[in-house]
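Summary of the model geometry
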Amino acid sequence: MQSAIHSGRRLLAEAKCLGLPETLRMQVQRIMRPDDANIVGNVHGGTILKMIEEAGCIIGTRHCNSQPGDRCVAALARVERTDFLHPMFIGEVAHVSAEITYTSKHSVEVQVNVLAENILTGAKKVTNKATLWYVPFSLQDVDKIVDVPPMEYSRPEHEDEGKKRYEAQKLERLETKERNGEVMTSVPLPDRHMKEAYTVGFSQSSLIHLVGPSDCTLLGFVHGGVTMKLMDEVAGIVAARHCKTNIVTASVDAINFHRKIKKGCVITVSGRMTFTSNKSMEIEVFVDSDPLVEAEKGKYRAVTAFFTFISLDKDNRPLAIPPLKLEGEEEQKRFEEGKTRYLQNKAKRLADKERHQ
Ligand SMILES: CC(C)(COP(=O)(O)OP(=O)(O)OC[C@H]1O[C@@H](n2cnc3c(N)ncnc32)[C@H](O)[C@@H]1OP(=O)(O)O)[C@@H](O)C(=O)NCCC(=O)NCCS
């Protein structure tokens, strides 16, 4: 806990020292209210993801409009894997600081740090560090991607490091596109009450949502943060149905936003459990968009992602997760794939920890 408080102070100090122009960094603060949290007071992961994306969208759009030319709005294209390092509670103040760290010809990398401040004690802890990529769309022509004004780097090595991150995510995107193809596999929703407890079908859940103006950017397309909040909500319902305890988001794997979702579409957000370890559970979430007015365009899959949740006791200590009961080869296959992701992420977390010691 003490080291988290120190790293919180260090982050604030680092942001002040960077001396970046105002258009390249910003900070927003907001007190966490009961409607941001679950019934025991833990702020939802989805609330935090939405705040992170809002900050990214503001700073990305501001930067992309910093030169004469077409006015544009920055749309979320990708979020790198994000870990939730500490819980945040109702009454704490979230400090969300965003900074532009790299620009390519048509994309902007934004790094966002979130700190939770207890305003009674002054204690601060880092809850998230996220990296997002935005692509600017012209306000005149919503299908046109405009050029991003190049940023000035305070040191040449920052540009080189940014370029490496840009190349790495581009490669990863190509690989996952190849793996997933463009095929849309449906997520059958069984009658869960007929299902045995702890099976995939028992906890599988979905919600449908009509996309309204308040969900959308100036271009009339859904904000990435709104989508992520709905995804976290469904994943949370799946997790709670499986273990019937207080559950919280532990991490979200990298998400690519391949397709825009237009105002007036109906979206179906579905979640199913794919893997359980001793103290964590992985939930796969799908977002399918159904254009109501332009129905001839047909239904399409807009986003998919893997969320990891943990279950907490009343003192916020992780509880054991009831093992997932698998039915059939498909579920077994998804479980094995989930296990591989779990082991890879765990090894990476341990390596990061060692590097920072
Ligand atoms: C992002 C999007 C425009 C990419 O479309 P595309 O046909 O792959 O576009 P391009 O190949 O021309 O790429 C344009 C730029 O976007 C970048 N890009 C594309 N997909 C990306 C992703 N998933 N992550 C990061 N950057 C991405 C490319 O690198 C390129 O920049 P560069 O020229 O500087 O390298 C498209 O997938 C889209 O419209 N997504 C939806 C965005 C949205 O609505 N977000 C909110 C969803 S709820």
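Residues numbered from 1 in each chain as written. Predicted model: local features only at pLDDT ≥ 70, side-chain atom pairs only at ≥ 80, totals over all residues. Heavy atoms only, no water.

Before going further, it helps to examine the domain arrangement of the protein. When cut into domains, the protein gives domain 1 (2-180) and domain 2 (200-355). Here domain 1 and domain 2 have C-alpha centroids that lie 20 Å from each other. With 30 residues of domain 1 at the contact, the number on the domain 2 side is 28 residues. For the pair domain 1 and domain 2, the summed buried area comes to about 2,500 Å², and 61% of that belongs to carbon and sulfur atoms. On inspection of domain 1 and its partner domain 2, the count reaches 2 salt bridges. (Domains from an automatic or database assignment. Contact = heavy atoms within 4.5 Å. Buried area = accessible area lost by both parts, 1.4 Å probe. Salt bridge = Lys/Arg side-chain N within 4 Å of Asp/Glu carboxyl O.)

Here we take up a nonpolar patch on the surface. Together, Ile31, Ile119 and Leu120 make up a nonpolar patch on the protein surface, roughly 340 Å² of accessible area in all. One can find Ile119 in the loop between strand E5 (108-117) and strand E6 (124-138). (Patch = residues over 30% accessible without salt bridge, like charges linked within 9 Å, V, L, I, M, F, W, Y side chains within 5 Å. Areas by Shrake-Rupley, 256 points an atom, 1.4 Å probe, with all protein chains shown as cover. Helix = DSSP H or I, 4+ residues; strand = E, 2+ residues; numbered from the N terminus.)

This next bit is on a negative patch on the surface. Side chains of Glu157, Glu159, Asp160 and Glu161 sit close together on the surface and give a patch of like negative charge. Relative to the elements of secondary structure, Glu161 occurs in helix H3 (residues 156-180). (Lys, Arg positive; Asp, Glu negative; His and termini not counted. Charge placed at Lys NZ, Arg CZ, Asp CG, Glu CD.)

Let's shift gears to helix H5 (residues 224-243). Helical periodicity: at 3.6 residues per turn, an α-helix aligns residues three or four positions apart in one direction. Taking 1.5 Å of rise per residue, 20 residues should cover 28 Å, and H5 covers 29 Å from first to last C-alpha, within 8% of that figure. A large share of H5 lies buried, amounting to 15 of its 20 residues. Immediately downstream of H5, the backbone of Lys244 shows phi near 55°, a positive value. (Expected span 1.5 Å × (residues − 1). Buried < 20%, exposed > 50% of the residue type's maximum accessible area, 1.4 Å probe, protein only.)

Under the feature "active site" (unreviewed entry), the UniProt entry names Asn38 and Asp232. A maximum C-alpha distance of 12.1 Å among these annotated residues, which run over 195 residues, shows that they cluster at one spot. Mapped onto the fold, Asn38 is located in the loop between strand E1 (25-31) and helix H2 (45-64). Classification of Asn38 by relative accessible area gives buried; the value is 18%. Residues in contact with Asn38, not counting those within four places in the same chain, are His44, Asn246 and Ile247. (UniProt positions renumbered as here; feature names shortened; annotations may be inferred.)

A few words now on the pairing of strand E2 (residues 72-79). Of all 8 residues in E2, 6 are buried; the element is thus mostly enclosed. As defined by bridge partners, E2 adjoins E6 across 7 bridges and the pair is classed as antiparallel. For Val79, the partnering residue across the bridge sits in E6 and is Leu132. Direction of pairing for E2 relative to strand E9 (residues 255-256): antiparallel, over a ladder of 2 bridges. What sits directly across from Arg78, in E9, is Asn256. (Pairing = 2+ DSSP bridges.)

Sheet architecture is open: 6 strands sit in the order E3-E8-E12-E11-E10-E7, paired in antiparallel fashion. Edge positions in the open sheet fall to strand E3 (82-83) and strand E7 (205-210), since each of these has one partner strand only. Of the pairings in the sheet, the one linking E7 to strand E10 (residues 265-276) comprises 6 bridges and is antiparallel in character. Bridge assignment links Ile208 to a residue of E10, and that residue is Thr268. Strands in contact with H5 are E7, strand E8 (246-252), E10, strand E11 (281-291) and strand E12 (300-312); relative to E12, the strand with the most contacts, it is inclined by about 45°. (Axes fitted to C-alpha atoms, helices over the stretch in contact; angles between N-to-C directions.)

What follows concerns the packing of aromatic side chains. A complete count under the given rule lists 6 aromatic pairs for this structure. Ring geometry for Tyr102 against Tyr153: centres 6.3 Å apart, planes inclined by 40°, an arrangement best described as tilted. Within this pair, whereas Tyr102 is found in strand E4 (residues 93-103), its partner Tyr153 is found in the loop between E6 and H3, the two being separated by 51 residues in sequence. No difference in accessibility class separates Tyr102 from Tyr153, as the two residues are buried. Residue placement shows Arg341 over the ring face of Phe306; its charged tip is 3.6 Å from the ring centre. (Phe/Tyr/Trp six-rings, centres within 6.5 Å; stacked < 30°, edge-to-face > 60°. Lys NZ or Arg CZ within 6 Å of the ring centre and 35° of its normal.)

Another aspect to go through is the site of the ligand. What surrounds the ligand is a group of 23 residues, the closest being Ser104, His106, Tyr166, Phe257 and His258. With respect to the ligand, the side chain of Ser104 contributes an N or O atom lying 2.5 Å from an oxygen atom. In the environment of the ligand, a nitrogen atom lies 3.0 Å from a nitrogen or oxygen atom belonging to the side chain of Asn256. Mapped by element, the contributors of at least two residues to the shell around the ligand are E2, E6, H3 and H5. If you tally residues by element for the shell around the ligand, the top one is H3, at 4 residues. Among the residues forming the shell around the ligand, the class breakdown is 9 nonpolar, 8 polar and 6 charged. There are two domains that each give the shell around the ligand at least three residues, and those are domain 1 (2-180) and domain 2 (200-355). (Near = heavy atom within 4 Å. Polar contact = N/O pair within 3.5 Å; in protein donor to acceptor, adjacent residues only side chain to side chain. Nonpolar A, V, L, I, M, F, W, Y, C, P; charged D, E, K, R; others polar.)

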